Amino acid sequence: MAINFAASLLIVLLWAFPKFWYTAKDESQSVGWFQEKTDLPGWDYFEIPVAESAERVLVADTLFSGEFVNTTNFLKVTAFSARRLSEDMNEIGLFVHTPDRCWTESGWQISPSQPETVTISINDRDILFERRIFSFQGVQHLVYFTGLIDGQTLPYRLDHNLSVAMRFQLNHEQDKSTAGATARSSDSRFWNRIWESFTSRRRITGPKQFLRISTEISGQSDNEDTILRNFIASWLT
């Protein structure tokens, strides 16, 4: 009986531990979600419908998907935002769907580039964005993406799929879905995110917002970086 009681107590403690541990907030920053705008001066907005299959996977409460075209030089910027106000443990996490995973599994190639992250000030909030250069059929795109949880910036990077994606390209895996699951479970970046969440006492699950912005690279990516930085500051409030 004593062993059964101890085992039952251990199960209860393990079940209750996350509810008490993952309760920290960053007192140095405000709490709130970013709202997307469509009426940007000098830009025309065109909605890009999200495929029904993608909607089922995202399970988002709100979705924003569109393309902005500059009225002066016809430069195009694609913007995407998904917000999930609650999360079911049985659903795929919103941050699983980063370009490092989804884009590479769809045939895009990651080009090694530096820096891997950039910090952008939005309404006096410093937001860390992952920065990537992807190519498809000979055309390169500069991509920024980031996320919020509980209305605050993340205490960890969204780079958990990066090294796995690079290995896909090097090894030319045939069954990417199966190989990807195995690679992710043994990937140090993936487990680093778990550890960073634990030490910061900030949740991995919970209300989330995911943001992704991209533009085609016409020459050197330095100019495209400036374009995306300026665009993000105008697009989000």
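See the structure shown above.
Quick caveat: nothing in here was measured; it's all calculated off a predicted structure.

Caption draft 1: Spotlight on the overall build of the protein. Scanning the protein from terminus to terminus reveals seven helices and nine strands. Buried residues in the protein amount to 42% of all 237 residues. Just so you have it, the protein exposes about 13200 Å², and 55% of that area is on carbon and sulfur atoms.

Caption draft 2: Looking closely at the packing of aromatic side chains. Per the counting criterion, the structure on display carries 12 aromatic pairs. A ring pair is formed by F64 and F68, whose centres lie 6.4 Å apart and whose planes are at 15°; its orientation type is stacked. Its relative accessible area of 0% is what places F68 among the buried residues. Taken together, a centroid distance of 5.0 Å and an interplanar angle of 65° make the contact between F68 and F231 edge-to-face.

Caption draft 3: The pairing of strand β7 (residues 139-149), seen in detail. Of all the 11 residues making up β7, nine are buried; the element is thus mostly covered by neighbouring parts of the structure. Across seven bridges, the pairing between strand β6 (residues 125-136) and β7 is antiparallel. From the neighbouring strand, E130 faces β7, where its bridge partner is F145. Linking two consecutive strands that pair antiparallel, namely β6 and β7, is a turn of two residues; a positive phi of about 55° is found at Q137 within it. Two strands pair when backbone bridges link them, and β7 and strand β9 (residues 208-216) are joined in this way by nine bridges, in the antiparallel orientation.

Caption draft 4: Spatial organisation of the nonpolar core. In this structure, F129, F231 and W235 are the most contacted members of the largest nonpolar core, which totals 26 residues. Those elements giving two or more residues to this core turn out to be β2 (62-70), β3 (76-84), β5 (117-122), β6, β7, β9 and α7 (221-235). Per-element tally for this core: the top contributor is α7, with five residues. The residues touching F231, leaving out its near neighbours within four places in the chain, are L40, W43, F68, V77, A79 and I213.

Caption draft 5: Quick peek at the pattern of salt bridges. Taken as a whole, this structure holds eight salt bridges when the rule is applied. Here D100 and R132 are joined by a salt bridge, their closest N and O atoms 2.8 Å apart. Here D100, found in helix α3 (residues 99-105), pairs with R132, found in strand β6; they are 32 residues apart in sequence, far enough to count as distant. Here the two residues D100 and R132 agree in accessibility, since each one is buried. In this structure, a network of salt bridges that share partners links the residues D100, E116, E130, R132, R157 and D159.

Caption draft 6: Representation of the layout of surface pockets within the structure. Reported here for the largest pocket is a volume of approximately 660 Å³. If you list the elements that add at least two residues to the lining of the largest pocket, you get α2 (52-58), β2, β3, α3 and β9. Per-element accounting of the lining of the largest pocket gives the leading share, six residues, to β3. The class makeup of the residues in the lining of the largest pocket is 20 nonpolar, nine polar and four charged.

Caption draft 7: Up close: unusual backbone geometry. With an omega of 0°, the peptide bond between Q114 and P115 qualifies as cis. Within the secondary structure, P115 sits in the loop between β4 (109-111) and β5. Despite not being glycine, F74 has its phi angle at roughly 60°, a positive value. Looking at where F74 falls in the secondary structure, it is placed in the loop between β2 and β3. Take F74: its relative accessible area is 61%, and that puts it in the exposed class. Phi is positive for D150, close to 55°, though the residue is something other than glycine. Relative to the helices and strands, D150 resides in the loop between β7 and β8 (152-153). Here D150 falls in the buried class, since its relative accessible area comes to 15%.

Caption draft 8: Structural view of the environment of G107. Note that G107 resides in the loop between α3 and β4. For G107 and F136, which are 29 residues apart along the polypeptide, the C-alpha to C-alpha distance reads 7.1 Å.

How each quantity is defined
Residues numbered from 1 in each chain as written. Predicted model: local features only at pLDDT ≥ 70, side-chain atom pairs only at ≥ 80, totals over all residues. Heavy atoms only, no water. Helix = DSSP H or I, 4+ residues; strand = E, 2+ residues; numbered from the N terminus. Buried < 20%, exposed > 50% of the residue type's maximum accessible area, 1.4 Å probe, protein only. Areas by Shrake-Rupley, 256 points an atom, 1.4 Å probe, with all protein chains shown as cover. Phe/Tyr/Trp six-rings, centres within 6.5 Å; stacked < 30°, edge-to-face > 60°. Pairing = 2+ DSSP bridges. Core = buried A, V, L, I, M, F, W, Y, C linked by side-chain atoms within 4.5 Å. Contact = heavy atoms within 4.5 Å. Salt bridge = Lys/Arg side-chain N within 4 Å of Asp/Glu carboxyl O. 1 Å grid on protein atoms, 1.4 Å probe; cavity = no way out; pocket = protein on both sides within 12 Å on 5 of 7 lines; lining within 4 Å. Points joined across faces, edges and corners; volume = space filled by probe spheres on them. Nonpolar A, V, L, I, M, F, W, Y, C, P; charged D, E, K, R; others polar.

Geometric values such as these leave the question of function open.
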